[in-house]
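Inside the fold
The lines below spell out each chain.
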Amino acid sequence: MLDKIDSARKNFDEALTKVNDLTSLEELRIKYLSRKGIITQIVDSLKDVPKEEKPAAGKAVNELKNYTNRIFDDLKKSFESEKKKSDSFIDLTLPGRERVIGSKHIITQTLDEIKDIFKGLGFSVYEGPELENDYNNFTALNFPADHPARDMQDTFFVTEDFLLRTHTSPVQVRLMTSKKPPLRALMPGKVYRNEAVSAKSYCLFHQVEGLVVDTDVTFAELKGTLVAFVKQFFGKSVQYRFRPSFFPFTEPSAEMDIWWEPKGKEGRWMEILGCGMVDPNVLENVGIDSEKYIGYAFGMGIERTAMRKYGIDDIRILFDNDKRFLTQF
Ligand code: DAH
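This section reports on the structure supplied with the text. (Residues numbered from 1 in each chain as written. Predicted model: local features only at pLDDT ≥ 70, side-chain atom pairs only at ≥ 80, totals over all residues. Heavy atoms only, no water.)

1. Topic: the packing of helix α5 (residues 106–120) against helix α10 (residues 302–310)
The N-to-C vectors of α5 and α10 enclose an angle of 95°; their axes lie 10 Å apart at closest approach. By the angle class used here, α5 and α10 are roughly perpendicular. Facing I106, I107, Q109, T110, L111, E113 and I114 of α5, the residues of α10 in contact are I302, E303, A306, K309 and Y310. Tallied by class, residues from the contact of α5 with α10 come to seven nonpolar, two polar and three charged. (Axes fitted to C-alpha atoms, helices over the stretch in contact; angles between N-to-C directions. Helix = DSSP H or I, 4+ residues; strand = E, 2+ residues; numbered from the N terminus. Parallel < 35°, antiparallel > 145°, perpendicular 65-115°, else oblique. Contact = heavy atoms within 4.5 Å. Nonpolar A, V, L, I, M, F, W, Y, C, P; charged D, E, K, R; others polar.)

2. Comments concerning the site of the ligand
In the region of the ligand, 15 residues are neighbours, and H167, S169, R193, Q207 and E209 sit closest. Q172 has a polar side-chain atom sitting 3.1 Å from an oxygen atom of the ligand. Coverage of the ligand by the protein chains reaches 89% of its 350 Å² of free accessible surface. Contributions of two or more residues to the shell around the ligand are made by α7 (169–178), β5 (204–214), β8 (268–278) and β9 (294–301). Here the residues of the shell around the ligand are counted per class, giving five nonpolar, eight polar and two charged. (Near = heavy atom within 4 Å. Polar contact = N/O pair within 3.5 Å; in protein donor to acceptor, adjacent residues only side chain to side chain. Areas by Shrake-Rupley, 256 points an atom, 1.4 Å probe, with all protein chains shown as cover.)

3. Side note on the environment of K292
Position of K292 relative to the elements: it lies in the loop between α9 (280–285) and β9. With a relative accessible area of 47%, K292 lands in the partly exposed category. The sequence separation of K292 and D216 amounts to 76 residues, and the corresponding C-alpha distance is 9.0 Å. (Buried < 20%, exposed > 50% of the residue type's maximum accessible area, 1.4 Å probe, protein only.)

4. Quick word on unusual backbone geometry
Across the chain, the bulk of peptide bonds are trans and the bulk of non-glycine residues have phi less than zero. Cis geometry marks the peptide bond from P181 to P182; its omega dihedral reads 5°. Among the secondary structure elements, P182 is positioned in the loop between α7 and β4 (183–192). Residue P252 is reached from E251 by a cis peptide bond, and omega for that bond is -5°. Structurally, the position occupied by P252 is in strand β7 (residues 250–260). Positive phi, close to 75°, is recorded for N142, a residue that is not glycine. The topology assignment puts N142 in the loop between α6 (134–137) and β3 (162–164). The phi angle at N321 is positive, at roughly 55°, despite the residue not being glycine.

5. Quick word on α10
Within α10, the full set of buried residues consists of I302, E303, T305, A306, M307 and R308. Elements that come into contact with the buried residues of α10 comprise α5, β5, α8 (219–234), β7, β8 and β9. Phi turns positive one or two residues past the end of α10, at G311, with a value near 65°.

6. Re the pattern of salt bridges
By the definition in use, this model includes 12 salt bridges. Its salt-bridge partner being E221, residue R184 comes within 3.5 Å of it at the nearest N-O pair. Placement of the pair is R184 in strand β4 and E221 in helix α8, with a sequence separation of 37 residues. The class of R184 is partly exposed, set by a relative accessible area of 30%. For E221, a relative accessible area of 27% gives the class partly exposed. (Salt bridge = Lys/Arg side-chain N within 4 Å of Asp/Glu carboxyl O.)

Pasting the structure below:
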């Protein structure tokens, strides 16, 4: 019996030299210590050992069992801690992973910039709905009943009375009916027109509306405000001019042009906004005393302004959501 125990131990020691990871260690444990393992079988065969040999044999078997158990425990621990170490190993020489960070759309950037400039000039920002009624979009703004802008060709009508606003000017009407003057407001937003889509026009675009109503407002102040704006937005050296124009809701009316020289092309005047003194009819339509109050207003297309500033020549690219374009700004 003692010989059997001795050779089991020798075989175990030899097999141990081939153990190099948790899997091979577990295989060895099963071979020796599982229910049918070599050592377990020796323990079972103790019952057949003659009485006088039993104490010595028992002691030897126990020693073998303790010895192998200790080795298994120790090796298991050391394999496990090695594995942990290699799992949490950080390779500081690996190149970093680049994160994709989104960017603001060029139209939003332009709107933000315009808002900031006018906030600096004392304007507050207001917004109105894109679904508007005929009264706010046309009637209150002094559009005659047969004005061509009311035509189905220009306006997306939703019902007979409701439409997608064709400009941001109805926000003027909403503001003047809900707030008492003095008013100094900037009203940005989306507008819709039923136009053929081309490099120059799109069925949807953005405008920024401006409105000032007070007792002592002048056309000179309107000009001064807009000149201050274009100088901040396009740079001090920008060349500009005002031309007389017509809008149903302003009298007198003007348009502002800036000089634009696209790279490699001949320069020319480009219209960027319409403006004027609020027509007294409009003030009366919203319940403001036109004998006491005067107003000026302006409306500017954002896409055109952004295209001019960033040298873009096709408006459609602003709505394509092509990342190769968007990430350039
Ligand atoms: N609403 C006009 C348009 O869409 C632009 C405009 C012109 C707005 C003159 C104004 C203004 O407030 O005074 O073409």
